[in-house]
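Okay, here's what each chain looks like letter by letter:
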Amino acid sequence: MPAEDRAAPPPRRSQLRVNGIDRDVSLDRDRSLLHVLREELGLTGTKYGCGEGECGACKVLVDGVAIRSCSTPIGEAVGRSITTIEGLADGDRLHPVQQGFLEAGAFQCGFCTPGMIIAAAALLARTPRPSEAEVRAALDGNLCRCGGYLRILDAVDRASRIAQGGTV
Ligand code: FES
Ligand code: FES
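Let me sum up the structure you'll find in this document. Note that the structure is predicted; figures quoted are calculated from it, not measured. (Residues numbered from 1 in each chain as written. Chains lettered and ligands numbered in written order. Predicted model: local features only at pLDDT ≥ 70, side-chain atom pairs only at ≥ 80, totals over all residues. Heavy atoms only, no water.)

**What about the overall build of the protein chain?**
The line we're drawing: Each helix is a run of DSSP H or I of at least 4 residues and each strand a run of E of at least 2, with the numbering of both proceeding from the N terminus. Using a 1.4 Å probe on the protein chains alone, a residue whose accessible area is under 20% of its type maximum counts as buried, one over 50% counts as exposed, and one in between counts as partly exposed. Every residue pair with non-hydrogen atoms within 4.5 Å of one another is taken to be in contact.
Counting secondary structure elements, the protein chain contains 6 helices and 5 strands. Along the protein chain, helices (α) and strands (β) appear in the sequence β-β-α-β-β-α-β-α-α-α-α when read from the amino end. Seen through its principal axes, the protein chain has C-alpha atoms that stretch 75 × 30 × 25 Å. Expressed as a percentage of the 168 residues in the protein chain, the buried residues total 40%. Here the analysis covers contacts within the protein chain between residues at least 6 apart in sequence; of these, 56% occur between residues at least 24 apart.

Shown next, in the form of structure tokens:
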């Protein structure tokens, strides 16, 4: 049979569950989860920093674990629950980590902030009252080029108290 008579293979598509909504994505081309989130689904809150797993700006939650979406192939995300910074708040109520960052003023340019917040949210979900050493370890892969680390530590401490209903 001549090549031109052969039927093209059907496009490979799948559902990606992002922020509680099933989104239809193509699996035909290799690309990162970050590319799909930003360029195809318009979720630009997740940032492109280094693009090679070094800065943490692209972190999202996958089944509750903070991962670097720039180095996660789209095929690995299928069938899993993805939360981006856009999906962290509960309606009008900010996530405790978002509230903590706001109250501590823990951002300057804000470029690192979504990745920081995602990493901190994952930490507080598994360790509600982390020590400073645990916070530092959880945020170790997240870089802030503005050097706002002390305020970020303060923000996570506030967040953990907010999450437990305490006063800050
Ligand atoms: S953009 Fe993914 S780690 Fe830097
Ligand atoms: S606030 Fe600018 S990179 Fe962190």
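**Focus on helix 1 (residues 33–40)**
Residues of helix 1 that are buried: L33, L34, V36 and L37. Of the surrounding secondary structure, the elements contacted by the buried residues of helix 1 are strand 1 (13–18), strand 2 (21–26), strand 3 (59–62), strand 4 (65–68), helix 2 (74–77) and strand 5 (81–83). Immediately beyond the C-terminal end of helix 1, within one or two residues, lies G42, with a positive phi of roughly 70°.

**Focus: the layout of surface pockets**
For clarity, the threshold we go by: Method remark: on a 1 Å grid restricted to protein atoms, a set of points is classed as a cavity if a 1.4 Å probe fits but cannot get out and as a pocket if it is open with protein on both sides within 12 Å along at least five of seven lines; lining residues have an atom within 4 Å of a point. Grid points are joined across faces, edges and corners, and a volume is the space filled by probe spheres set on the points. Only Asp, Glu, Lys and Arg are considered charged in this grouping, and only Ala, Val, Leu, Ile, Met, Phe, Trp, Tyr, Cys and Pro are considered nonpolar; every other residue, Gly among them, is considered polar.
Put simply, the largest pocket is a space of about 240 Å³. Taken together, 19 residues make up the lining of the largest pocket; nearest its centre are C112, L143, C144, R145 and C146. Among the residues making up the lining of the largest pocket, the classes are represented as 12 nonpolar, 5 polar and 2 charged. For the lining of the second largest pocket, the secondary-structure elements that each account for two or more residues are helix 5 (132–138) and helix 6 (149–163). When residues in the lining of the second largest pocket are grouped by element, the largest group, 4 residues, is from helix 6. Of the residues that constitute the lining of the second largest pocket, the class distribution is 8 nonpolar, 1 polar and 2 charged.

**Details of the environment of H35**
Its place among the elements puts H35 in helix 1. Residues H35 and C50, spaced 15 residues apart in sequence, show a C-alpha to C-alpha distance of 13 Å.

**A word on the nonpolar core**
This is how the line gets drawn: Within this scheme, the nonpolar core is defined by two criteria: the residues are buried Ala, Val, Leu, Ile, Met, Phe, Trp, Tyr or Cys, and they are joined through side-chain atoms within 4.5 Å.
L88, V97, F101, M116, L139, I152 and V156 are the most contacted members of the largest nonpolar core, which totals 26 residues. Mapped onto this core, the elements with two or more residues apiece are helix 3 (96–104), helix 4 (113–126), helix 5 and helix 6. Every residue in contact with L139, bar those within four places of it in the chain, is listed here: M116, A119, A120, I152 and V156.

**Things to note about the pattern of salt bridges**
Note the cut-off: Whenever Lys or Arg places a side-chain nitrogen within 4 Å of a carboxyl oxygen from Asp or Glu, that contact is recorded as a salt bridge.
Under the criterion given, the structure shown has 11 salt bridges. Where R29 meets E40, a salt bridge forms, and the shortest distance between an N and an O atom there is 3.9 Å. With a gap of 11 residues between them, R29 in the loop between strand 2 and helix 1 and E40 in helix 1 connect regions that are remote in the sequence. The exposure class of E40 is partly exposed, given its relative accessible area of 33%. The shortest N-O distance in the salt bridge between D157 and R129 comes to 3.2 Å. Note that D157 is positioned in helix 6 and R129 in the loop between helix 4 and helix 5, a separation of 28 residues in sequence. Note on D157: relative accessible area 30%, which makes it partly exposed.

**Quick notes on the packing of aromatic side chains**
Quick reminder of the rule: Ring geometry is summarised as follows: Phe, Tyr and Trp rings, the Trp one being its six-membered ring, pair when their centres sit within 6.5 Å, and such pairs are stacked at plane angles under 30 degrees, edge-to-face over 60 and tilted between the two. Two conditions define a charge located above a ring, namely a distance within 6 Å from the ring centre to NZ of Lys or CZ of Arg, and an angle within 35 degrees of the ring normal.
In this structure the tally under the stated criterion is 0 aromatic pairs. The ring centre of F111 lies 4.8 Å from the NZ or CZ of R145, which sits over that ring.

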